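# Structural overview for review
Here's the letter readout for the chains.
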Amino acid sequence: EKTAISTSRKPPLVFAAAPADGHTNPLARIAAELVRRGFEVTFIGGAQFEGLIKGTGAEFVPLAPMLNPKIEAERNAVPAGIPRLLYDMKYIFIGQTPERWRILKEVLEGLRAKDPEREVVIVPETFYMGVNPLSLGAPLPKGYTTRPKVVNLHVVPYVATSIDTGPGGPGL
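What this report covers is the structure whose coordinates are included nearby.

Reading guide: rules and limits
- Residues numbered from 1 in each chain as written.
- Predicted model: local features only at pLDDT ≥ 70, side-chain atom pairs only at ≥ 80, totals over all residues.
- Heavy atoms only, no water.
- Helix = DSSP H or I, 4+ residues; strand = E, 2+ residues; numbered from the N terminus.
- Buried < 20%, exposed > 50% of the residue type's maximum accessible area, 1.4 Å probe, protein only.
- Contact = heavy atoms within 4.5 Å.
- Lys, Arg positive; Asp, Glu negative; His and termini not counted.
- Charge placed at Lys NZ, Arg CZ, Asp CG, Glu CD.
- Core = buried A, V, L, I, M, F, W, Y, C linked by side-chain atoms within 4.5 Å.
- Expected span 1.5 Å × (residues − 1).
- Phe/Tyr/Trp six-rings, centres within 6.5 Å; stacked < 30°, edge-to-face > 60°.
- Lys NZ or Arg CZ within 6 Å of the ring centre and 35° of its normal.
- Salt bridge = Lys/Arg side-chain N within 4 Å of Asp/Glu carboxyl O.
- Polar contact = N/O pair within 3.5 Å; in protein donor to acceptor, adjacent residues only side chain to side chain.

### Re the overall build of the protein chain
- When helices and strands are tallied, the protein chain shows six helices and five strands.
- Counting helices and strands in the order they occur from the N terminus, the protein chain gives β-α-β-α-β-α-α-α-β-α-β.
- The buried share of the protein chain, reckoned over its 172 residues, is 37%.
- Excluding contacts between residues fewer than 6 apart, the proportion of contacts in the protein chain whose partners are at least 24 apart in sequence is 68%.
- Between the centroid of the 20 positive side chains of the protein chain and the centroid of its 17 negative side chains there is a distance of 2 Å.

### Quick notes on the nonpolar core
- With 17 residues, the main nonpolar core has V14, I44, L104, L108 and Y128 as its most contacted residues.
- Of all elements in the fold, only strand 1 (13-16), strand 3 (59-63) and helix 5 (97-114) reach the threshold of two or more residues within this core.
- Among the elements that take part in this core, helix 5 stands out by supplying six residues, more than any other.
- With residues near it in sequence (within four places) discarded, Y128 still touches A16, A17, A18, I44, L63, R100, I103 and L104.
- Counting residues in hydrophobic clusters, the runner-up holds 14 residues, among them L13, A17, L27 and V41.

### Describing helix 5
- Between its first and last C-alpha atoms helix 5 spans 26 Å; for 18 residues at 1.5 Å apiece the expected length is 26 Å, and the two agree.
- Taken as a whole, helix 5 has its buried residues at T97, R100, W101, I103, L104, V107, L108, L111 and R112.
- Turning to helix 5, the residues buried within the fold contact strand 1, strand 2 (41-46), strand 3, helix 4 (82-93), strand 4 (121-124) and helix 6 (132-135).

### Let's talk about the packing of aromatic side chains
- Throughout the structure, instances matching the rule amount to three aromatic pairs.
- Ring geometry for Y87 versus Y91: centroids 4.7 Å apart, planes at 35 degrees, classification tilted. In this pair, Y87 and Y91 both sit in helix 4, four residues apart, roughly one turn of the helix.
- Measuring from centroid to centroid gives 4.9 Å for F93 and F127, while their planes differ by 65 degrees, and the two rings are edge-to-face. Of the two residues, F93 sits in helix 4 while F127 sits in the loop between strand 4 and helix 6, which places them 34 residues apart along the sequence. The residues F93 and F127 share a single accessibility class, namely buried.
- Above the face of the Y144 ring, R112 is positioned so that its terminal group lies 3.9 Å from the ring centre.

### With respect to the environment of Y144
- Along the polypeptide, Y144 turns up in the loop between helix 6 and strand 5 (149-150).
- On the accessibility criterion, Y144 (8% relative accessible area) is buried.
- Sequence separation between Y144 and V120 is 24 residues; the distance between their C-alpha atoms is 10.0 Å.
- Apart from residues no more than four positions distant in its own chain, Y144 is found in contact with L108, E109, R112 and V120.

### Describing the side chain of R100
- Within the secondary structure, R100 is located in helix 5.
- In this structure, R100 is buried with no salt-bridge partner, the nearest side chain bearing the opposite charge being E125 at 6.2 Å.
- Separated by 3.4 Å, the side chain of R100 and the backbone oxygen of F127 make a polar contact.
- In this view, R100 contacts A18, P19, L63, M66, I92, F93, F127, Y128 and G130; residues no more than four positions away in its chain are not counted.

Below is the structure:
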């Protein structure tokens, strides 16, 4: 005999975006619609987007800015083009992974402590990067016995080298 699964309680959603316009704005629109549809949304995003994110109806969790004076000075010393793109990938996106994972873990643990039975769904954009440790086998946050589901939203253009596509990124 099959047991009916209750669908009356929607899972809480944890949105997470790198703190930049092109990474946050698309997710904010989606979060607003899901809040309107009755989902509980927590949104990890840049402090400069607090008003935008709170305006969606989501709970706001701040991230530090992508650039600080030290990183900005280092970045400006790197030649524009591919060298700067590689610097950005290494230090601004990938280099922020440990801190973004720490914040995501705290949010997940808080949601689990509030309601241990509810499934949580993580909705990051690709360059948030804080979900990567979880996807690659990091210890689960407290209260979890399985990895939460992840629905990644890819807000940056897909770049592929092919005779069928034009050059992407700084090649345009």
